[in-house]
Amino acid sequence: MLDLRRFTGRELRLTDKLVEFNWGFLLLLVLIASIGFAMLYSVAEGSFSPWAYRQALRFAAGVCILLIAAMIDLRLWMRLAYPLYGVALAMLVAVEVVGMTGMGAQRWLNLGFVQIQPSEIMKVTLLMALARYFHGLTLDEVSRLRNLVIPVALIAAPVGLVVLQPDLGTAILLIASGAILLFAAGLRWRYFILSGALVLAAVPVVWGRLHDYQKNRVFTFLDPERDPLGTGYHILQSKIALGAGGVFGKGFMEGTQSQLNFLPEKHTDFIFTMLGEELGLAGGLVLLALYFIVLMFSLNVAMQCRNQFGRLLAIGVSMTFFLYVFINTAMVMGLLPVVGVPLPLVSYGGTAMLSLMFAFGLLMSVHIHRNVEISRGPSAFW
Amino acid sequence: MQISGRDNTRYQAFTRRAALLGAIQGAAFVVLAGRMYYLQVLKSDQYTMLAEENRVSMRLLAPLRGNVVDRYGRILASNRQNFRAMMISEQTADIEATLDRLSRIIEISDFARRRILRDVQRSPRFMPVTVAEGLTWDQFAKVNINEPDLAGIVPDVGETRDYPYGEELAHIMGYVAAVSEKDMAEAETDRQLMRLPGFRIGKEGIEKTYDKELRGTAGSSHVEVNAYGRVIRELAKDPGKPGQEVVLTLDMDIQRFAWDRLKGESAGAVVMDIHSGDVLAFVSAPAYDPNQFNMGLSNEQWRALVDNEYKPLVNKALAGMYPPGSTFKMVVAAAAIEAGINPAQRVVCPGHYSLGSHDFHCWKKGGHGAMNMHQAIKYSCDVFFYDVARRIGINAIAEMARKFGLGETYGFEVPGEKAGLVPTPDWKRATRGEPWHQGETVIAGIGQGYLLTTPLQLAVMTARLANGGYAVKPRLTRAIGGQLLPTPRPASLGLGEAALKVACDGMNAVSNEPGGTAFRSRIPEPGMELAGKTGTAQVRRISRAERLTGVLKNEQLPWRQRDHALFVCYAPVHAPRYALSVIVEHGGSGSAAAAPVARDIMREVLSRNVDRPQAVVPPRGSTGAREG
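Bear in mind that the values here come from a model prediction, so they are computed numbers and not experimental data.

(A) How the structure looks around the overall build of chain B. Helix and strand content of chain B: 24 helices and 21 strands. Evaluated residue by residue, chain B yields a buried proportion of 53% over its 628 residues. Contacts in chain B between residues at least 24 apart in sequence constitute 74% of all its contacts with a sequence separation of at least 6. Within the structure as shown, chain B displays about 27700 Å² of accessible surface, and the carbon and sulfur contribution to it stands at 51%.

This is the structure we're talking about:
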């Protein structure tokens, strides 16, 4: 309540923002990322190249992005929500078009100096756009059918484009984070029950349209022993490596399963397995605990915020982050089928890392501007 | 107040739901921790056992590279066994000591040693690294016998590319070599495969063009290995798919003959079917041995190739650009007819042609006298073509040259094709910023000046003259993976009968009428006569002073300054089937240095019954009246 009086009625100065910025949170992120550097160093058999070094550079860039995003006024972010969403959507369309002309990899957009993956950017901008939209609705209005047309379209457009790529994992993540925002905005339960039923009904139809490799993944997930040398190989090897790690692991850079290349994609999607093998249950739980603190902090940011845009944005970031962590770790433990979802801050990868840091920057902006009141009507800022 | 009240209900709803989401997150983490406890504590012993004793590993198997054969199935490139020694670094305690012991059996140069140590550093410890390859059977046997003393060294039989015809086909086949960092970066697929030790990809020629087809699909072997990485048993094996066979249009007999006839010179020659475009022989001399490129060249070998004055690394038939000289006169003649000039009209050749203050010389000092177009081709009179060129202008000549396939590439199957140059005033203005001079039109009339052509283009030009004016394109591939490629049906160039007739009749006269510049190189056997055209392309400028004191003969000049000798021809003259172009760099005159070679090659071609795909355009006799 003290904060309330301190800030209401006057604008925050940069020094206020720097004071309000939660430096402990940034330290937490550095800690998690450092675990990632260490694992990438280990994957390369004790070498900073080719992965650890570049990952550290990207993280440093990510920290800059986070700081800048945090300092920018939340109201400006709200104003930018739709335009940014439009840019991300345009980039997704561009990927389709350029991909058509035979660029090879269709998930990437080559801007000459840098390659970016627009679907990663869309994950953040979708949250912003939905938060912006629901900010303008009262609780009663949220559940009116005609008010659902726009948010559903906002979700469906990128999902459709991503499915075309085809990148089922990202599509599911986009749908999930969209649904979470609808839920947090207060959409009535019956809509979720209804759409759940619809999804169940649609399963047979979708099943027929899946690629063979995608079907195989599901089969294999249901019974990994069924094809131990083919698609089940990943899961089986991952479980062996984790199990062999035991409570305290085989020691840093001593993981025989990972080091001997039994484990595929160990620097990206399966990096948690390597950690589990080399640092054991103890190491894995430490990382999970760090992740959990991040989640609880962001949830707290959402609850403390006095404007609906910030609340929704914060919970969106929190839940998307949670989904990443959960899907990836559950996958390598054999609890979920293998989908290409990286472990946030730890897996090697560029755009995912930068867009995540941007998302955390937004979260921090919400935290700093938590006491700013933003009126519901659009007239206030257009 | 009311709004804030509503916001309050919204906030309360949000808080409830956020708390629920938080609870879900917490529950999920409990599940994750529980699963980890299950795997890493409860099941740890079981998985540890699996990890230590029974590890499943997948190894990629390189597919067998496809063969390249000639039109009769004779093997031009295949695979032979490559005896090699590999090292698995995790199986040896001291890499240096192992290498020392091995070097007592087979020689390991310092250079190779550095390469091995670097490769060992770069690869995972269980991954075999090539230590030596291309071993003789004796060396290989010794390595095998001494294996117990050589911990970590594994004798192994791989495959390597074999080119039985060596340099005779070097510029067509190209070669394969180890994958470079750049190849790796550019590769869209097969990266895993390309990382295999000893894997090679096509770097030049057909090997490069059809690398994908020849490469095949990688197989895999799932093996159980023990804790030391030694294979215990194979669980499953997918042999992959060997690369496809590529059938070329070449006739190796003709290729060999042409090569033998040209080796020792710096030269290029192309033999092609005038209807289908099938290339039967494609020679660039001198050449290199692609077998040597397989294993990597030593520095000295490489320097010798680069420093050789005859440029063995350049594919002269495809990328060598030369002024066409008098072989271009048929094109000018055809352009003249199309421009409405009467071929019977005579031009008097006094030995030189004056334009303004400048004199252009005929190769025959005393002059040819009065010449019509037919005679001008037969005797290769320069003055006649100076005059005609000036009258019809450079644009008409350039347009006709393009119809005959000069100044363009054909998408030939061997990389590195050059387009040559067909100059126009527009081109000159655009590239040099200077206006076109009429004198440049005049010398273009005899194929000199800016004009540049390749032997492949000259063969195409001759084929289009001989096949009745159809835009045939050269091709080198007959079939891929057992699938015959369709023979393209060339479009008509839209030339009048008269234009082709005057050019073809002139060529006939060149080689079959006494006094023709290639009469001495005629084929006397009835039915096998060829129609040709000599060319002597000047490389240096002849000054006015030199003209007065007497032009130096080619033999008196250093090799670099001598004229290029050219000859183009087709045969049989009454029912044309094959076109041929020969260029001998700095060989001297076309009639002396190129025509006899061309004659011999063409006779060889005609004396063989080439299994020709059905003609796509009806053969046409150039002088039908004399048929039968």
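(B) The arrangement of the side chain of Gln25(B) in detail. Inspection of the secondary structure assignment puts Gln25(B) in helix α1 (residues 2-42). In this structure the side chain of Gln25(B) is engaged in a polar contact, spanning 3.2 Å, whose partner is the side chain of Ser318(A). Dropping the residues within four chain positions of it, Gln25(B) is found in contact with Phe292(A), Leu295(A), Met296(A), Ser318(A), Met319(A) and Phe322(A).

(C) Summary view of the environment of Arg306(A). All names here are of chain A. Looking at the element boundaries, Arg-306 is found in the loop between α14 (271-304) and α15 (308-332). Residue classification places Arg-306 among the partly exposed residues on the basis of a relative accessible area of 32%. Taking the C-alpha atoms as reference, Arg-306 lies 5.6 Å from Arg-370; in sequence the two are 64 residues apart.

(D) Spotlight on the packing of helix α15 (residues 329-338) of chain B against helix α18 (residues 394-403) of chain B. All names here are of chain B. One way to put it is that α15 packs onto α18 with a least axis distance of 9 Å and a crossing angle of 115 degrees. The handedness of the crossing between α15 and α18 comes out as right-handed. In contact with Val-331, Val-332, Ala-334, Ala-335 and Glu-338 of α15, α18 contributes Ala-396, Ile-397, Met-400 and Ala-401. When its residues are assigned to classes, the contact of α15 with α18 shows eight nonpolar, no polar and one charged.

(E) Representation of a nonpolar patch on the surface in the model. A surface patch of nonpolar side chains, about 410 Å² in accessible area, is lined by Trp189(A), Ile193(A), Leu20(B) and Ile24(B). With respect to the secondary-structure elements, Ile24(B) resides in helix α1.

(F) Main features of unusual backbone geometry. Ala285(B) connects to Pro286(B) through a cis peptide bond whose omega is -10 degrees. Its place among the elements puts Pro286(B) in the loop between β12 (279-285) and α12 (290-295). Omega for the peptide link from Ala571(B) to Pro572(B) comes to -15 degrees, which places this bond in the cis form. The residue Leu345(A) is not glycine, and still its phi comes out positive at about 70 degrees. Within the secondary structure, Leu345(A) is located in the loop between α15 and α16 (350-368). On the basis of relative accessible area, Leu345(A) is assigned to the buried category, the value being 4%. One non-glycine residue with positive phi stands out, namely Ser380(B), at about 55 degrees. Along the chain, Ser380(B) turns up in the loop between α16 (373-378) and α17 (382-392). Ser380(B) gets classed as buried once you look at its relative accessible area, which sits at 3%.

(G) Structural detail: the interface of chain B and chain A. Taken together, the contact between chain B and chain A spans 48 residues of the former and 62 residues of the latter. In total, chain B and chain A occlude about 4700 Å² of area from one another, counting both sides; carbon and sulfur atoms represent 69% of this. Sorting the residues of chain B by area buried against chain A places Arg10(B), Phe14(B) and Arg17(B) first, and these three jointly supply 18% of that buried surface. The interface formed by chain B and chain A contains 12 residue pairs in polar contact (both at pLDDT 80 or more). Secondary structure elements with two or more residues in the side of chain B that touches chain A: α1, α2 (44-53), β1 (55-61), β8 (219-225) and β9 (231-238) of chain B. Here the side of chain B that touches chain A gets 29 residues from one element, more than from any other, and that element is α1(B). A class-by-class count of the residues in the side of chain B that touches chain A yields 28 nonpolar, 11 polar and nine charged.

(H) Focus on the nonpolar core. In this structure, Leu248(B), Phe282(B), Phe404(B) and Met602(B) are the most contacted members of the largest nonpolar core, which totals 132 residues. The element contributing the most residues to this core is helix α24 (residues 590-607) of chain B, with nine residues. Dropping the residues within four chain positions of it, Phe282(B) is found in contact with Ile172(B), Leu250(B), Gln255(B), Ala269(B), Val270(B), Asn315(B), Ala317(B), Leu318(B), Phe412(B) and Leu456(B). Formed by 126 residues, the second largest nonpolar core is a distinct cluster that contains Ile32(A), Leu182(A), Leu275(A) and Met364(A).

(I) Layout of the packing of aromatic side chains. In this structure the tally under the stated criterion is 29 aromatic pairs over all chains. Pairing Phe183(A) with Phe192(A) gives two aromatic rings, centres 5.6 Å apart and planes at 80 degrees, and the pair type is edge-to-face. Accessibility expressed as a relative area gives 8% for Phe183(A), which makes it buried. Of the aromatic side chains, those joined through ring pairs into one cluster are Phe25(A), Tyr291(A), Phe297(A), Phe321(A) and Phe360(A). The ring of Phe14(B) carries the charged tip of Arg311(A) above its face, separated from the ring centre by 5.8 Å.

(J) Examining the packing of helix α21 (residues 455-466) of chain B against helix α22 (residues 497-512) of chain B more closely. Residue and element names in this part refer to chain B. The interhelical angle for the contact between α21 and α22, taken along N-to-C directions, is 110 degrees, at an axis separation of 9 Å. Relative to α22, the element α21 lies roughly perpendicular. Across the interface between the two elements, Thr-462, Arg-464 and Leu-465 from α21 touch Leu-500, Ala-503, Cys-504 and Met-507 from α22. Looking at side-chain class alone, the contact of α21 with α22 contains five nonpolar, one polar and one charged residues.

(K) Expanded view of the pattern of salt bridges. Residues and elements named next belong to chain B. Using the criterion set out here, one finds 37 salt bridges over all chains in the structure. Its salt-bridge partner being Asp-278, residue Arg-71 comes within 3.4 Å of it at the nearest N-O pair. Here Asp-278 lies in the loop between β11 (267-273) and β12 and Arg-71 lies in the loop between β2 (68-69) and β3 (75-88), a separation of 207 residues in the sequence. A relative accessible area of 7% places Arg-71 in the buried class.

(L) A look at the layout of surface pockets. All names here are of chain B. Of the voids in this model, the second largest pocket is the one considered here, and its volume is about 2000 Å³. Looking at the second largest pocket, it is lined by 49 residues, and the ones nearest its centre are His-361, Trp-363, Gln-538, Ile-542 and Arg-547. Where the lining of the second largest pocket is concerned, the elements lending two or more residues are β15 (358-361), α17, α20 (438-444), β19 (531-537) and α23 (544-549). Among the residues making up the lining of the second largest pocket, the classes are represented as 16 nonpolar, 22 polar and 11 charged.

(M) Highlighting the pairing of β11(B). All names here are of chain B. Most of β11 is tucked away: seven of the seven residues are buried. Two elements, β11 and β12, share six bridges in a ladder whose sense is antiparallel. Following the sheet pairing, Gly-268 is matched in β12 by Ser-284. Counting the residues that bridge the hairpin from β11 to β12 gives five residues, and of these Gly-277 lies at a positive phi of roughly 85 degrees. Across seven bridges, the pairing between β11 and strand β21 (residues 578-584) is antiparallel. Residue pairing for β21: Ala-269 is matched across the bridge by Val-582.

(N) Molecular detail of helix α3 (residues 95-103) of chain B. Residue and element names in this part refer to chain B. Looking at α3, one finds that the buried residues are Thr-98, Leu-99 and Leu-102. Buried residues of α3, seen end-on, are gathered within an arc of 100 degrees and therefore sit on one face of the element. Contact partners of the buried residues in α3: β3, α4 (110-122), β4 (128-135), α5 (137-145) and β5 (153-162). Where α3 begins, one side-chain oxygen reaches toward the backbone nitrogen of Glu-96, 3.1 Å away; that side chain belongs to Asp-94.

Reading the values: rules and limits
- Residues numbered from 1 in each chain as written.
- Chains lettered and ligands numbered in written order.
- Predicted model: local features only at pLDDT ≥ 70, side-chain atom pairs only at ≥ 80, totals over all residues.
- Heavy atoms only, no water.
- Helix = DSSP H or I, 4+ residues; strand = E, 2+ residues; numbered from the N terminus.
- Buried < 20%, exposed > 50% of the residue type's maximum accessible area, 1.4 Å probe, protein only.
- Contact = heavy atoms within 4.5 Å.
- Areas by Shrake-Rupley, 256 points an atom, 1.4 Å probe, with all protein chains shown as cover.
- Polar contact = N/O pair within 3.5 Å; in protein donor to acceptor, adjacent residues only side chain to side chain.
- Axes fitted to C-alpha atoms, helices over the stretch in contact; angles between N-to-C directions.
- Left-handed = near helix turned anticlockwise from the far one by under 90°.
- Nonpolar A, V, L, I, M, F, W, Y, C, P; charged D, E, K, R; others polar.
- Patch = residues over 30% accessible without salt bridge, like charges linked within 9 Å, V, L, I, M, F, W, Y side chains within 5 Å.
- Salt bridge = Lys/Arg side-chain N within 4 Å of Asp/Glu carboxyl O.
- Buried area = accessible area lost by both parts, 1.4 Å probe.
- Core = buried A, V, L, I, M, F, W, Y, C linked by side-chain atoms within 4.5 Å.
- Phe/Tyr/Trp six-rings, centres within 6.5 Å; stacked < 30°, edge-to-face > 60°.
- Lys NZ or Arg CZ within 6 Å of the ring centre and 35° of its normal.
- Parallel < 35°, antiparallel > 145°, perpendicular 65-115°, else oblique.
- 1 Å grid on protein atoms, 1.4 Å probe; cavity = no way out; pocket = protein on both sides within 12 Å on 5 of 7 lines; lining within 4 Å.
- Points joined across faces, edges and corners; volume = space filled by probe spheres on them.
- Pairing = 2+ DSSP bridges.
- Arc of directions from axis to C-beta.

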